[in-house]
Amino acid sequence: MRKNSCWKKAAAVLMAFVLLLCIYPAKTEAKSIKLGNTLENQFLGSGTVEYNNRIYYGISRKIYSIKKDGTGKKLVFKMKDGGNGFYEMAVYGRYIYAIYDYYGDSDSSDNHLLKIKLDGTSCKNLGRVNDFAIADGKIYCTKTRRISDEYDNQYNETKGLYSMDLKGANTKKLVSGKSLSLYGTDGKTLYFGSCDWETGKTTVYTSNVKGTNKRKIKTVSGLEGVFFYKGNMYYKRSNPDDPIQCDIYKVDNNTGKTKLLYNSSGWISSFCVDNHNLYVSADEGLQKIDLNTGNIAMVNKQVTNGIRGIHGSVIIGERYRMDMKAGTDFDVLMLKLSGKIIKKIGAYFTS
């Protein structure tokens, strides 16, 4: 009896070890989740996402990956269809999830969410989606439908904020609204906004992932680009009297207290928050603002067209540089945090 008991215990330990080996890769995969983030993405390119020490990014109709030292650039996927290209992406469960704009001009858009294998061997269209984020095996997104106005102009109208599984099935409406934007989720809280087109004001909300317990954070006129980081909301606001002039503000999510962080005499392409610094791509160039002291340092005067993402020791940014021979007018650059250019990793043209 005692021998049988020992064998049973040994078998139980072995089964537990096998089960642990099965679960471990899933946990490792979960740690590597990178959420799509609309703020860091440029309209005709894409944001950047890091996965297994490689940075994935889009250039028009192509998706590339590259090592963080600027070597090993690979073409991951190329769309055969026309359109404006990729502009938001995330990597989850060995798939790339990316927004692709099928519209081929600059006066509208027709955005769809695509699910692409990391090796580029398959692509599935999950439907019309403007913004998305992935957490805990679910896709949260603003789904849209194609409609025509009285002049027969076609455009996408938001149906609401939804959740669905990774196959694009089991959809569930969480929040209703025709002018919603999803800013992101941490798997517990949804961050989204609703725009009143008549007044030009956007109200930013939080809710749980079921879309309930909705709470208003702030209503802002002229709000653009929203970024949530460590209990604060950051946003860009254009001056109503001078739309070219922009400011960046920080709002405490709990108290609603607002603080002006950066004032620009010109246009701000985009910004990003990383650790204790605010990075701003403006007419003056790429600047770093210390959030504790307010000190401003010029990082790179060439990066005026936007920040795609920050990945540890490197920044992916854009500069305007017309190249008539190549037929491009924007370069995508990999830079060190000091501002030194490591390599040009792509270029594209915008009409």
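Residues numbered from 1 in each chain as written. Predicted model: local features only at pLDDT ≥ 70, side-chain atom pairs only at ≥ 80, totals over all residues. Heavy atoms only, no water.

Draft legend 1. Looking closely at the environment of Lys259. Structurally, the position occupied by Lys259 is in strand 19 (residues 258-263). Each C-alpha atom of the pair Lys259 and Tyr249 lies 5.5 Å from the other, and the pair is 10 residues apart in sequence. Filtering out sequence-adjacent residues up to four positions away, Lys259 remains in contact with Ile248, Tyr249 and Lys250. (Helix = DSSP H or I, 4+ residues; strand = E, 2+ residues; numbered from the N terminus. Contact = heavy atoms within 4.5 Å.)

Draft legend 2. Seen up close, the sheet that holds strand 16 (residues 223-229). What the four strands build is an open sheet, ordered 16-17-18-19; its pairing is antiparallel. The sheet is open, and its two edges are formed by strand 16 and strand 19, each paired on a single side. When the angles between neighbouring strand axes are averaged without regard to direction, this sheet yields 25°. Relative to strand 18 (residues 242-252), strand 17 (residues 232-239) runs antiparallel, the two being bridged by eight bridges. Its bridge partner being in strand 18, Arg237 is matched across the sheet by Asp247. (Pairing = 2+ DSSP bridges. Axes fitted to C-alpha atoms, helices over the stretch in contact; angles between N-to-C directions.)

Draft legend 3. Here's a closer look at the side chain of Asn232. Here Asn232 shows up in strand 17. On the accessibility criterion, Asn232 (15% relative accessible area) is buried. If we skip the residues at most four places from it in the chain, Asn232 touches Phe227, Lys250, Val251, Asp252 and Asn253. (Buried < 20%, exposed > 50% of the residue type's maximum accessible area, 1.4 Å probe, protein only.)

Draft legend 4. Inspection of the side chain of Arg319 at higher detail. Topologically, Arg319 is positioned in strand 25 (residues 314-323). A distance of 2.5 Å separates polar atoms of two side chains, one belonging to Arg319 and the other to Gln302. When residues no more than four places from it in sequence are discounted, the contact partners of Arg319 are Gln302, Asn305, Asp329, Phe330, Asp331, Leu333, Ile341 and Lys344. (Polar contact = N/O pair within 3.5 Å; in protein donor to acceptor, adjacent residues only side chain to side chain.)

Draft legend 5. Molecular detail of the confidence of the model for the chain. For the chain, per-residue confidence averages 84 on the pLDDT scale, and residues scoring 70 or more make up 86% of the total. Predicted confidence is poor over residues 1-44, with pLDDT under 50, and the contacts of this stretch with residues over four places away or in other chains come to 62 contacts. (pLDDT = per-residue confidence, 0-100.)

Draft legend 6. Representation of the packing of aromatic side chains. Per the counting criterion, the structure on display carries 10 aromatic pairs. When the centroid spacing of 6.3 Å and the interplanar angle of 40° are considered together, the rings of Phe227 and Tyr229 count as tilted. An aromatic cluster is built from Phe86, Tyr100 and Tyr102, whose rings are joined through pairwise contacts. If you follow Lys73 out to its NZ or CZ, it ends over the ring of Tyr64, 4.5 Å from the centre. Over the ring of Tyr95 we find Lys115; its NZ or CZ atom is 4.5 Å from the centre of that ring. (Phe/Tyr/Trp six-rings, centres within 6.5 Å; stacked < 30°, edge-to-face > 60°. Lys NZ or Arg CZ within 6 Å of the ring centre and 35° of its normal.)

Draft legend 7. Main features of the sheet that holds strand 9 (residues 138-148). Here we have seven strands laid out as an open sheet, ordered 5-6-7-8-9-10-11, and antiparallel in their pairing. Two strands in the sheet have a free side with no partner beyond their single neighbour: strand 5 (85-92) and strand 11 (172-176). With strand direction ignored, the average angle separating the axes of adjacent strands in the sheet is 45°. Pairing of strand 5 with strand 6 (residues 95-101) involves seven bridges; the strand directions are antiparallel. Within strand 6, the position partnered with Glu88 by the bridge is Ile99.

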